[in-house]
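Observations on the three-dimensional arrangement
This is what each chain is made of:
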Amino acid sequence: MNNDNITDKNQATEETVFEQNTHDTGETNSDNLNKDKTVKETPDEQKPLSKEEIKKQKKERSDKRWNSFFSWIGVICFALILAGALRGFLGEPVRVDGNSMNDTLMNKEIVIATKPKLLIGKLERGDVVICHFPNRNEHTFRIGATLTLKVDTAFMKRLIALPGDSIAIIEGQLYINDKPVQEDYVTHTSTQSYPRRVLGRNEYFVMGDNRANSHDSRSYDVGTITEDMIVGHAKWVIYPFNKIRSID
């Protein structure tokens, strides 16, 4: 019996050792498999890049930079074109410079000059317009040998007579088509006279509302202006903010 017990104990011991070895061996094999997987799953990007791949990456980065640059250039160009279109077809702000339109418009007020009336040819007597005078260039820029850019001084005046109208001023009283005109907007009168004349096909007569202090079509060095010299129709005063109003 003692021999049998010793044998059983030996067998039990051997089985326990075998199980432990088996367990340890299993863990070791599992670890080895994980290590193999780790080695196999190492991404290829860890490998050194070839010269061709490096060149390709540099080219892609350069292309992205240039694409971004040209995108911004496109946005800026579009904004400039849009701003030019708005100014050319809708309107733009203009600052009053001087006292020739007192008391309708005061010095340094800012008005919105609209364009639609000009574009459709619907100017009327009494409109306040922004215009240029003959031979009154504020700046002249020469670009290269053949291109000259002239910037004309802009004036704000009231449109008094249209092509085909007769105009005369007798001791300050305005006559259009031989009829006296009541000018409620004139607060600074003048006794100046102007001989009767009929305006030609493309002649417009303008004067400032401050008749006592305005350089306009009555002056020999200004005279009448042509349609292309009228660049805006003053419609609203937008500054100072406490004097916002429409222009009559």
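Scroll up a little and you will see the structure.
The following paragraphs examine the structure supplied in this document. Nothing here was measured: the structure is a model prediction, and the numbers come from that model.

**A closer look at the sheet that holds strand S6 (residues 173-176)**
Within the open sheet, the 4 strands sit side by side as S7-S6-S5-S8. Their pairing is antiparallel. Across the chains shown, the open sheet's two edge strands, defined by having one partner strand only, are strand S7 (179-180) and strand S8 (194-198). Strand direction decides the pairing type here: S6 and S7, joined by 2 bridges, are antiparallel. Within S7, the residue paired with tyrosine 175 across the bridge is proline 180.

**Let's talk about the nonpolar core**
One finds Phe133, Leu159, Ile225 and Ile230 to be the most contacted residues of the largest nonpolar core, which totals 14 residues. Breaking this core down by element, the ones donating at least two residues are strand S3 (128-143) and strand S4 (147-161). Here the element with the most residues in this core is S3; it accounts for 3 residues. If we skip the residues at most four places from it in the chain, leucine 159 touches Leu123, Glu124, Arg125, Gly126, Asp127, Val129, Tyr204, Phe205 and Val206. If you look at the next biggest cluster of nonpolar residues, it comprises 12 residues, including Leu105, Ala113, Ala234 and Val237.

**Considerations on the layout of surface pockets**
By volume, the second largest pocket amounts to about 210 Å³. Along its surface, the second largest pocket is lined by 14 residues, and Gly172, Glu183, Val186, Thr189 and Arg211 are the ones closest to its centre. Its residues placed into classes, the lining of the second largest pocket shows 5 nonpolar, 6 polar and 3 charged.

**Observations concerning the pattern of salt bridges**
This structure, assessed with the given rule, holds 10 salt bridges. Close ionic contact of glutamate 92 with lysine 115 constitutes a salt bridge, the shortest N to O distance being 3.2 Å. Of this pair, glutamate 92 sits in strand S1 (residues 91-95) while lysine 115 is found in the loop between strand S2 (110-114) and helix H3 (116-119), placing the two residues 23 residues apart along the sequence. Accessibility expressed as a relative area gives 16% for glutamate 92, which makes it buried. Note on lysine 115: relative accessible area 10%, which makes it buried. Measuring nitrogen to oxygen at the nearest pair gives 2.9 Å for the salt bridge that ties arginine 218 to aspartate 216. The burial state of arginine 218 is the same as that of aspartate 216; both residues are buried. Where salt bridges share partners, they join Lys117, Glu124 and Asp127 into one cluster.

Thresholds applied
Residues numbered from 1 in each chain as written. Predicted model: local features only at pLDDT ≥ 70, side-chain atom pairs only at ≥ 80, totals over all residues. Heavy atoms only, no water. Pairing = 2+ DSSP bridges. Helix = DSSP H or I, 4+ residues; strand = E, 2+ residues; numbered from the N terminus. Core = buried A, V, L, I, M, F, W, Y, C linked by side-chain atoms within 4.5 Å. Buried < 20%, exposed > 50% of the residue type's maximum accessible area, 1.4 Å probe, protein only. Contact = heavy atoms within 4.5 Å. 1 Å grid on protein atoms, 1.4 Å probe; cavity = no way out; pocket = protein on both sides within 12 Å on 5 of 7 lines; lining within 4 Å. Points joined across faces, edges and corners; volume = space filled by probe spheres on them. Nonpolar A, V, L, I, M, F, W, Y, C, P; charged D, E, K, R; others polar. Salt bridge = Lys/Arg side-chain N within 4 Å of Asp/Glu carboxyl O.

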